[in-house]
Amino acid sequence: MKNSYLKSITGCLLGTSVGDALGLPYKKLSRNRIYQAHTPIKGHAFIFNKGMISDDTEHLCLTAQALIVSAGDPQKFSQKLAWGLRWWVLGLPVGISLATLKACMRLLIGFSAQDSGVNSAGNGAAMRSTIIGVCYGDNPSTMLALVKASTIITHRNPKAELGAIAVAVAAYLASIQSTVTPQDYYQTLKKFLSDSAAKLPQIETTAFLTAIDCACTSAAKNESGVNFANQLGNYQGVSGYIYDTVCITIQVWLRNQNSYSQSIKEIIYLGGDTDTTAAILGGIVGASVGVSGIPQKWLKDIIEFPHSTNWIASLAERLAESYNAGSSRPPLPFAFYFIPLRNFIFGIAFLFHAFYRLLPPY
């Protein structure tokens, strides 16, 4: 087993889970409220100073399982991920986006993985693509096919696929380079999008590259995340629109590549869709710094079952084994019967936070 792949894969999966859990209590809060009532951020705050993951990490784990079983074959990957999402939605997850819910319900009533997605430019697909980039970024055609398969299951809009590709490329570069310059990132992404396997509308591709160029230029100037978010009109929080999510996440990553804690805190302080932005950013930075670069207290303070941090680390080992061998492996055993109980507990905590937000300061 190649230790470099294991480090990046484990860092990506656990980096996502920690970012997700840290960002979850602040989801949909305005930037002002986070600064007024929730600073400084020192650790988890979801339930008794502990953290729980949301759908962002769960979807990434489903993606990793599909990669293990498919060994990178896009058709097998699509089928496995689709079945994973069917079982996942039967567990009655809490707080998922409407687009993802609609797509999963379409899967349940018999739609194929190629036809289940809805016309949404949300950021749901981007949260699944970091691990694809880490594993298959060195094979552009395969990576693009896997990202497309992962995206269209829930989101048919080309913007969603473009955003997911941008996140996958960032995670790939982070896994192979200690520091990535904004120009290197932009040129690499441009090269991936020019690959014939991408097959995306030229108008959308050009517009997206223009948006990413703005993010890279801002990062090169070392502008703050707040400044750049304001330029995009995200004055009170990062929206769930894929271009906003990806451009702001990339800008923060390019300026904080070697500091997991600093990058995660900055993206959370920007407000808005904080669990998803912190999850995506955590996966990218985690792929670079590995588990050793993630604050250990943040890891230990996640109280989660059956997606425990130990289980996620074992998932990373199996994915690294499958990838390095270039062959399929059985999925990691998973105690699905615990999910309804887990989601019930999660739902109570989620409702508590919802009621708490009705209180001042506003």
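The coordinates are above.
Residues numbered from 1 in each chain as written. Predicted model: local features only at pLDDT ≥ 70, side-chain atom pairs only at ≥ 80, totals over all residues. Heavy atoms only, no water.

**Quick notes on the overall build of the protein**
The condition is simple: Where helices and strands are cited, they refer to DSSP runs of H or I of at least four residues and of E of at least two residues respectively, numbered from the N terminus. In this description the radius of gyration comes from C-alpha coordinates, and the expected globular size is given by 2.2 Å times residues to the power 0.38. With a 1.4 Å probe rolled over the protein chains alone, any residue whose accessible area is under 20% of its type maximum counts as buried; one over 50% counts as exposed, and the rest are partly exposed. Note on contacts: a residue pair qualifies if any of its non-hydrogen atoms lie within 4.5 Å across the two residues. Working definition of accessibility: Shrake-Rupley area with a 1.4 Å probe, residue cover restricted to the visible protein chains.
Helix and strand counts for the protein stand at 17 helices and zero strands. Compactness check: the protein gives a C-alpha radius of gyration of 18 Å against a globular reference of 21 Å for 362 residues, within 12% of the reference. Dimensions of the protein, computed from C-alpha atoms along their principal axes, come out at roughly 50 × 50 × 40 Å. The buried share among the 362 residues of the protein stands at 59%. Of all intrachain contacts in the protein linking residues separated by at least 6 positions in sequence, the fraction that spans at least 24 positions is 77%. Carbon and sulfur atoms make up 58% of the accessible area of the protein, which totals about 14200 Å².

**What to know about the side chain of His307**
Relative to the elements of secondary structure, His307 occurs in the loop between α15 (296-300) and α16 (309-325). Using a relative accessible area of 7% as the deciding quantity, one classes His307 as buried. In this structure His307 touches Ile53, Glu58, Cys61, Ile312, Phe334 and Ile339, once residues within four positions along its chain are discounted.

**Structural notes on the state of the cysteines**
The condition is simple: Sulfur atoms of two cysteines make up a disulfide when they are within 2.5 Å.
Tallying each qualifying case throughout the model produces zero disulfides. A disulfide-free cysteine, Cys247 has its sulfur positioned 7.7 Å from the sulfur of Cys214, the nearest such atom.

**A few points about the packing of aromatic side chains**
Inclusion rule: Aromatic rings from Phe, Tyr and Trp, taking only the six-membered ring of Trp, are treated as a pair when their centres fall within 6.5 Å; an angle between ring planes under 30 degrees marks them as stacked, one over 60 as edge-to-face, and anything in between as tilted. We count a charge as sitting over a ring when the NZ of a lysine or the CZ of an arginine lies within 6 Å of the ring centre and within 35 degrees of the ring normal.
If you walk through the whole model with that rule in mind, you get 14 aromatic pairs. Seen from their ring centres, Tyr5 and Tyr323 are 4.8 Å apart, and the 65 degrees between their planes marks the pair as edge-to-face. Remark: Tyr323 occurs in helix α16 and Tyr5 occurs in helix α1 (residues 3-23); sequence separation between them is 318 residues. For Tyr323, a relative accessible area of 14% corresponds to the buried category. A centroid spacing of 5.6 Å and a plane angle of 80 degrees characterise the contact between Tyr185 and Trp253, whose relative ring orientation is edge-to-face. With Tyr185 in helix α9 (residues 182-194) and Trp253 in helix α12 (residues 242-255), this residue pair connects regions lying 68 residues apart in the sequence. Taken individually, Tyr185 and Trp253 each receive the classification buried, so the pair is uniform in this respect. Here the guanidinium or amino end of Arg106 rests over the ring plane of Phe111, the centre of that ring lying 4.2 Å away.

**Quick word on α12**
Threshold: In a helix, the anticipated span is given by 1.5 Å times the number of residues less one.
End to end, α12 covers 20 Å across 14 residues, agreeing with the expected 20 Å (1.5 Å per residue, within 8%). Of all the 14 residues making up α12, 13 are buried; the element is thus mostly covered by neighbouring parts of the structure.

**Looking at the packing of helix α4 (residues 74-90) against helix α5 (residues 98-108)**
How we decide: Lines are fitted to the C-alpha atoms to define the axes, a helix being fitted only along its stretch in contact, and any angle between axes, read from their N-to-C directions, falls within 0 to 180 degrees. Just so you know how the angles are binned, under 35 degrees is roughly parallel, over 145 roughly antiparallel, 65 to 115 roughly perpendicular, and the rest oblique. All amino acids are sorted into three groups, where Ala, Val, Leu, Ile, Met, Phe, Trp, Tyr, Cys and Pro are nonpolar, Asp, Glu, Lys and Arg are charged, and the leftover types, Gly among them, are polar.
Between α4 and α5, the least distance of the axes is 9 Å, while the angle of their chain directions is 105 degrees. Taken together, the axes of α4 and α5 are roughly perpendicular relative to one another. Contact residues: α4 offers Ala82, Leu85, Arg86, Trp88, Val89 and Leu90, while α5 offers Thr100, Leu101, Cys104, Met105, Leu107 and Leu108. Tallied by class, residues from the contact of α4 with α5 come to 10 nonpolar, one polar and one charged.

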